[in-house]
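Chain residues, written in single-letter form:
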Amino acid sequence: MNDSIKTDDVIFNFFKQICDEKDDNKCIELGNNWINAMELNLNNMEKNLEEKDKIKHKDDIQNNRNHLNSLKGKSSSEWREYATKCMVEIMDNKV
């Protein structure tokens, strides 16, 4: 039996927490925490890329930044809807 925690499970549970949060302000805070964590991850990945890889993945990096920027300012209901879609996508792609 494999006891390792899978990234998809952690992400799924985080989005479930957003969906389950009854307090709208806390829901928004969780969503904003998601943005901050993903921006930090993106910055760290980009910092660790060699210059040729930065050029190769420039569009993907920018698309990810644009996506994160599009999440900023969402209401609690918008966060719950987004989180639900992400959870469905994770479930659809489970092997």
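Our subject is the structure listed above.
Let me sum up the structure you'll find in this document. (Residues numbered from 1 in each chain as written. Predicted model: local features only at pLDDT ≥ 70, side-chain atom pairs only at ≥ 80, totals over all residues. Heavy atoms only, no water.)

1. Some thoughts on the overall build of the protein chain
Counting its secondary structure elements, the protein chain contains five helices and zero strands. If you line up the protein chain on its principal axes, its C-alpha atoms span 45 × 40 × 20 Å. Buried positions account for 21% of the 95 residues belonging to the protein chain. Across the protein chain, every contact between residues at least 6 apart in sequence was considered, and the portion connecting residues at least 24 apart equals 67%. For the protein chain, the accessible area works out to roughly 7100 Å², and carbon and sulfur atoms hold 49% of it. Seen as two clouds, the 15 positive and the 19 negative side-chain charges of the protein chain have centres 2 Å apart. (Helix = DSSP H or I, 4+ residues; strand = E, 2+ residues; numbered from the N terminus. Buried < 20%, exposed > 50% of the residue type's maximum accessible area, 1.4 Å probe, protein only. Contact = heavy atoms within 4.5 Å. Areas by Shrake-Rupley, 256 points an atom, 1.4 Å probe, with all protein chains shown as cover. Lys, Arg positive; Asp, Glu negative; His and termini not counted. Charge placed at Lys NZ, Arg CZ, Asp CG, Glu CD.)

2. What about the pattern of salt bridges?
Overall, the coordinates contain five salt bridges when judged by the stated rule. One salt bridge in this structure joins Asp20 and Lys16, with 2.5 Å as the shortest N-O distance. Separated by four residues within a single helix, Asp20 and Lys16 lie in helix H1 (residues 7–20), roughly one turn from each other. Here Glu39 and Lys72 are joined by a salt bridge, their closest N and O atoms 2.9 Å apart. Of this pair, Glu39 sits in helix H2 (residues 24–48) while Lys72 is found in the loop between helix H4 (58–71) and helix H5 (76–92), placing the two residues 33 residues apart along the sequence. (Salt bridge = Lys/Arg side-chain N within 4 Å of Asp/Glu carboxyl O.)

3. Details of H5
Since there are 3.6 residues in each turn of an α-helix, residues three or four apart along the chain are aligned in direction. Taking 1.5 Å of rise per residue, 17 residues should cover 24 Å, and H5 covers 24 Å from first to last C-alpha, within 8% of that figure. Among the residues making up H5, those that are buried are Ser76, Trp79, Arg80, Tyr82, Ala83, Cys86, Met87 and Ile90. Viewed end-on, H5 has its buried residues packed into an arc of 165°, placing them on one side of the element. In H5, the exposed residues that point more than 90 degrees away from the buried face are Lys85, Glu89 and Asp92. Looking at the buried positions of H5, the neighbouring elements they touch are H1, H2 and H4. (Expected span 1.5 Å × (residues − 1). Arc of directions from axis to C-beta.)

4. Here we look at the packing of H1 against H2
Interhelical geometry of H1 versus H2 gives an angle of 150° and a closest axis separation of 9 Å. It follows from the interaxial angle that H1 and H2 lie roughly antiparallel. Contacts between H1 and H2 involve Ile11, Phe14, Phe15, Gln17 and Ile18 from the first element and Cys27, Leu30, Gly31 and Trp34 from the second. Tallied by class, residues from the contact of H1 with H2 come to seven nonpolar, two polar and no charged. (Axes fitted to C-alpha atoms, helices over the stretch in contact; angles between N-to-C directions. Parallel < 35°, antiparallel > 145°, perpendicular 65-115°, else oblique. Nonpolar A, V, L, I, M, F, W, Y, C, P; charged D, E, K, R; others polar.)

5. Details of the side chain of Ser76
Mapped onto the fold, Ser76 is located in helix H5. What Ser76 contacts, discounting residues up to four positions off in sequence, is Asp24, Cys27 and Ile28.

6. A few points about the nonpolar core
Counting 17 residues, the largest nonpolar core has Phe15, Ile18, Trp34, Leu71, Trp79 and Tyr82 as its most contacted members. Within the residue set of this core, elements represented by two or more residues are H1, H2, H4 and H5. Considering each element in turn, this core owes the most residues, six residues, to H5. (Core = buried A, V, L, I, M, F, W, Y, C linked by side-chain atoms within 4.5 Å.)

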